[in-house]
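# Structure at a glance
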Amino acid sequence: MASLAVETGHQEIHDVERNGHAEKAQWVLNAPEPPSLWQELTGSVRETVLPHARRFPTFKDKGSLSKTVISFLHAIFPIFCWCRSYKATNFKNDLLAGLTLASLCIPQSIGYATLAKLDPQYGLYTSVIPPLIYAVMGTSRDIAIGPVAVVSLLLSSMISKLVDPEANPIPYRNLVLTTTFFAGIFQAAFGLFRLGFLVDFLSHAAIVGFVAGAAVVIGLQQMKGLLGITHFTNKTDVISVMEAIWRAVHHSWNPHNFILGCSFLTFILVTRFVGRRNRKLFWLPAIAPLISVVLSTLLVYLTRADKHGVMIIKHIKRGLNPSSVHQLQFNNPHIGEVAKIGLIVAVVALTEAIAVGRSFASIKGYHINGNQEMVAMGFMNILGSFTSCYVATGSFSRSAVNFSAGCETAMSNIVMAITVIISLELFTRLLYYTPIAILAAIILSALPGLVDLHEAYNIWKIDKLDFLACAGAFVGVLFASVEIGLLAAVTISFVKILIISIRPGAEVLGRLPETDIFCDVDQYPMAAKNPQVLVIRVKSGLLCFANANFVKEKIMKLATEEEEGSKGKRTPQAVILDMSNLMNIDVSGITSLVELHKNLASSGMELAITNPKWQVIHKLRVANFVTKVGGRVFLTIGDAVDACLGAKMAAV
């Protein structure tokens, strides 16, 4: 009688546990349907355009319409958020930062325009409209907008293959402006439709290698201005550039240009060294390029050095940005290539700008909205293409100056743009005698900051595949072309993703002593496995056509090894598949699970799944997979193990 009572008590406990497991399993199985793809897309757009829309869902309440309009304006134009608390002390700091920024921006913009193979005034135009638009729509307080070296090189190297900038300067300029329009369209689309992940395909490691390779190529190309070479190659690979320099050194170079350029390059680098040693002198390296332009221009004018072979800028068109809407070439036979170049430039420009913005935001402790940044960059380049600007983005060197000068808000960009406007109206004639060697020296002085050897070494230490992407981008840019370098970096990054996704790992889990926590037995040797139950977790966020068969074979191999290694012990009666990592599944993934269930059943083992995510359990129910496995779906691994260790697997 006593034994019967004990057995009855045990049976009641098992029944209670079984009922508890069944109730928890129903929580999983009876979850509502997840949002459809259309709902997710429309929700993403709504959150981008109206991030605070949930606070004002209807117009029934009094004043809700005005609140929604205000929310919309704050989302699209962040300037309305920070301008309400803007004070005179803020403006004082922004005024100083903007003026300091302009002193660096003006000579750099002229130099980068020549690097893009455009007339000098286009660099100044690009430092007017885009910064003004970004100040209204951007979310970063520190980023400085304008032309940059890498984007200028991209444009000149890729568009020069379509139109020769020296033989046909006007058609070349029109294609640059059209490329700018397409770049803006792509950037705005990335932000509006939350496609920022496309930018992430250019990984941090790839960008480090690409920028370093571009810096070397840009530096070598500046030898044309530094040596006073009249005819130079349009190719960007290091071998072609070195051959052009070697031929020029033996024939047509001018030592006066070289002496002048090297002298002021030394001056700029010395001021930078002094500024780094003494933080209070941050303004010295910022204004050094402008001082170099003024002094070298005076020197050439007073000595008439242009009569002795020193190459000068000559005429810079005076006045504000002219309209360029009629110059956009949408009927050009190269329009497909131009759109492709626009996409590449858009991704590179966004990657650089967002990296710069996030760097300084993390230092000051505020947040930037990545999607809003893309929208702001897109609109500033679209409108820039209508006003004689080429592709603008965030410059690291100028942003560092802006940060060091104590900027408070994006007002510093407005101050800078106004200063450039004044320069375009009043001072362009004074730049007639500015030597081209000085522009080359200014560009060369900005290049050391683009080659980050320390970061490349860190990438090597942390991840060898990432370093391979870094090296591939560097070598591709250096020895082939800019687009080949980008292609190499993206290809290596894709291969890395494919290796990880196609051949994901699988880990056997065990229970940590005196807990209900299950962990990888290789990482935690103290975790105990139960010989009757094999718990496996797939290390992948997606079970799809690319990796489904590999995952199935991996699980069967683990189950077979467990069975063969039992050595007389009880073989596993069940395989529990932990789906906590799995974010989604497709038809191929479900088919592989069905085959896995059949293979395990033929070996005398049952399959159970635990903790499937919302999208996953919905698709498994629609495919009737839950019925095929006898309803063995559990909320936690502990529930599944307890059910398996019972007299019989509980059917839910």
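Residues numbered from 1 in each chain as written. Predicted model: local features only at pLDDT ≥ 70, side-chain atom pairs only at ≥ 80, totals over all residues. Heavy atoms only, no water.

A few words on the overall build of the chain. Helix and strand counts for the chain stand at 27 helices and 10 strands. Counting only residues that meet the buried cut, the chain has 50% of its 652 residues in that class. Within the chain, counting contacts between residues at least 6 apart in sequence, those at least 24 apart form 80% of the total. As displayed, the chain has an accessible area near 31,100 Å², and 64% of this comes from carbon and sulfur atoms. (Helix = DSSP H or I, 4+ residues; strand = E, 2+ residues; numbered from the N terminus. Buried < 20%, exposed > 50% of the residue type's maximum accessible area, 1.4 Å probe, protein only. Contact = heavy atoms within 4.5 Å. Areas by Shrake-Rupley, 256 points an atom, 1.4 Å probe, with all protein chains shown as cover.)

Our next topic: the environment of Ile354. With respect to the secondary-structure elements, Ile354 resides in helix α15 (residues 335-364). Of the residues examined, Ile354 reaches a relative accessible area of 9% and is grouped as buried. Ile354 sits 214 residues away from Ser140 along the chain, and the two C-alpha atoms are 9.3 Å apart. Excluding residues within four positions of it along the chain, Ile354 makes contact with Ile368, Gly370 and Met374.

This next bit is on helix α10 (residues 204-221). Taking 1.5 Å per residue as the helical rise, α10 with its 18 residues ought to reach 26 Å, and the 25 Å between its terminal C-alpha atoms agrees with that figure. By the criterion of burial, α10 is predominantly enclosed, with 16 of the 18 residues buried. (Expected span 1.5 Å × (residues − 1).)

The next point concerns empty space enclosed by the protein. Overall, the coordinates contain two cavities of 30 Å³ or more when judged by the stated rule. Counted as a void, the largest cavity has a volume near 70 Å³. Val538, Ser540, Leu543, Val551, Ile555, Leu577, Asp578, Met579, Leu582 and Leu593 are the residues that line the largest cavity. Looking at the lining of the largest cavity, the elements with two or more residues in it are α23 (548-564) and β7 (574-578). A class-by-class count of the residues in the lining of the largest cavity yields eight nonpolar, one polar and one charged. Considering only enclosed or pocket space, the second largest cavity measures out at about 40 Å³ in volume. Of all the secondary structure elements, the ones that give two or more residues to the lining of the second largest cavity are α10 and α15. Counting residues per element, the lining of the second largest cavity draws most heavily on α10, at three residues. The residue inventory of the lining of the second largest cavity, partitioned by class, reads five nonpolar, no polar and one charged. (1 Å grid on protein atoms, 1.4 Å probe; cavity = no way out; pocket = protein on both sides within 12 Å on 5 of 7 lines; lining within 4 Å. Points joined across faces, edges and corners; volume = space filled by probe spheres on them. Nonpolar A, V, L, I, M, F, W, Y, C, P; charged D, E, K, R; others polar.)

Let's shift gears to the pattern of salt bridges. This model, assessed by the stated rule, comprises 11 salt bridges. The partner of Lys224 in a salt bridge is Glu166, with the nearest N and O atoms 3.8 Å apart. Here Glu166 lies in the loop between α8 (149-159) and α9 (169-192) and Lys224 lies in helix α11 (residues 223-227), a separation of 58 residues in the sequence. Measuring nitrogen to oxygen at the nearest pair gives 2.5 Å for the salt bridge that ties Arg511 to Asp516. Judged by its relative accessible area of 25%, Arg511 is partly exposed. Beyond isolated ion pairs, a larger network of salt bridges with shared partners links Asp463, Asp466 and Lys496. (Salt bridge = Lys/Arg side-chain N within 4 Å of Asp/Glu carboxyl O.)

Attention now moves to the pairing of strand β3 (residues 506-511). Residues in a regular strand project their side chains so that they alternate between the two faces of the sheet. Among the six residues that make up β3, five are buried, leaving the element largely enclosed by the rest of the structure. Bridging between β3 and strand β5 (residues 533-538) involves four bridges; their strand directions are antiparallel. The residue of β5 that forms the bridge with Val508 is Ile536. One ladder, built from three bridges, connects β3 with strand β4 (residues 518-520); its direction is antiparallel. Following the sheet pairing, Leu509 is matched in β4 by Asp520. What sits between the antiparallel neighbours β3 and β4 is a turn of six residues, in which Glu514 has the positive phi angle 60°. (Pairing = 2+ DSSP bridges.)

The subject of this paragraph is unusual backbone geometry. Phi is mostly negative for residues that are not glycine, and the peptide bonds are mostly trans. Positive phi is not limited to glycine here, since Glu514 has a value of about 60°. Summarising the element assignment, Glu514 is placed in the loop between β3 and β4. Overall, Glu514 belongs to the exposed group, its relative accessible area being 85%.

Okay, the packing of helix α13 (residues 255-277) against helix α14 (residues 283-303) next. How two helices sit against one another is set out by the angle between their axes and by the gap between those axes. At a closest axis distance of 9 Å, the pairing of α13 and α14 adopts a crossing angle of 155°. For the element pair α13 / α14, the angle class is roughly antiparallel. With respect to the hand of their crossing, α13 and α14 are arranged in right-handed fashion. Note on element contacts: α14 touches α13 through Leu284, Pro285, Ala288, Pro289, Ile291, Ser292, Leu295, Ser296, Leu299 and Val300, opposite Leu260, Phe264, Phe267, Ile268, Thr271, Arg272, Val274 and Gly275. A breakdown of the residues in the contact of α13 with α14 according to their chemical character gives 13 nonpolar, four polar and one charged. (Axes fitted to C-alpha atoms, helices over the stretch in contact; angles between N-to-C directions. Parallel < 35°, antiparallel > 145°, perpendicular 65-115°, else oblique. Left-handed = near helix turned anticlockwise from the far one by under 90°.)

The next subject is the pairing of strand β9 (residues 606-610). With four of its five residues buried, β9 lies for the most part within the structure. Pairing of β7 with β9, which is carried by five bridges, proceeds in the parallel orientation. Each bridged residue has a counterpart across the sheet, and for Asp578 the counterpart in β9 is Thr610. Pairing analysis gives two bridges linking β9 to strand β10 (residues 633-634), with the strands arranged parallel. The residue of β10 that forms the bridge with Ile609 is Val633.

All right, on to the layout of surface pockets then. Its volume calculated, the largest pocket comes out at about 1,100 Å³. Along its surface, the largest pocket is lined by 40 residues, and Thr114, Lys117, Leu118, Asp119 and Lys224 are the ones closest to its centre. For the lining of the largest pocket, the secondary structure elements donating two or more residues are α5 (88-115), α6 (120-125), α9, α11 and α19 (436-446). Here the lining of the largest pocket is built from residues that sort into 20 nonpolar, 12 polar and eight charged.

Any aromatic ring pair is given by two values, namely how distant the centres are and how the planes are angled relative to each other. The final tally for this structure, using the stated rule, is 12 aromatic pairs. Here the aromatic rings of Phe181 and Phe330 are separated by 5.2 Å at their centres, their planes lie at 70°, and the arrangement is edge-to-face. Taken together, the residues span a long stretch of sequence, with Phe181 in helix α9 and Phe330 in the loop between α14 and α15 at a distance of 149 residues. Measuring from centroid to centroid gives 5.1 Å for Trp460 and Phe467, while their planes differ by 75°, and the two rings are edge-to-face. Judged by relative accessible area, which is 41%, Trp460 ranks as partly exposed. According to the relative accessible area criterion, Phe467 is partly exposed, its value standing at 26%. Three or more aromatic residues joined by ring pairs make a cluster, and in this case those are Phe181, Phe182, Phe330 and Phe386. Taking NZ or CZ as reference, Arg141 lies 4.1 Å from the ring centre of Tyr366, over its face. Positioned above the aromatic ring of Trp460 is the side chain of Lys464, whose terminal nitrogen or guanidinium carbon lies 4.7 Å from the ring centre. (Phe/Tyr/Trp six-rings, centres within 6.5 Å; stacked < 30°, edge-to-face > 60°. Lys NZ or Arg CZ within 6 Å of the ring centre and 35° of its normal.)

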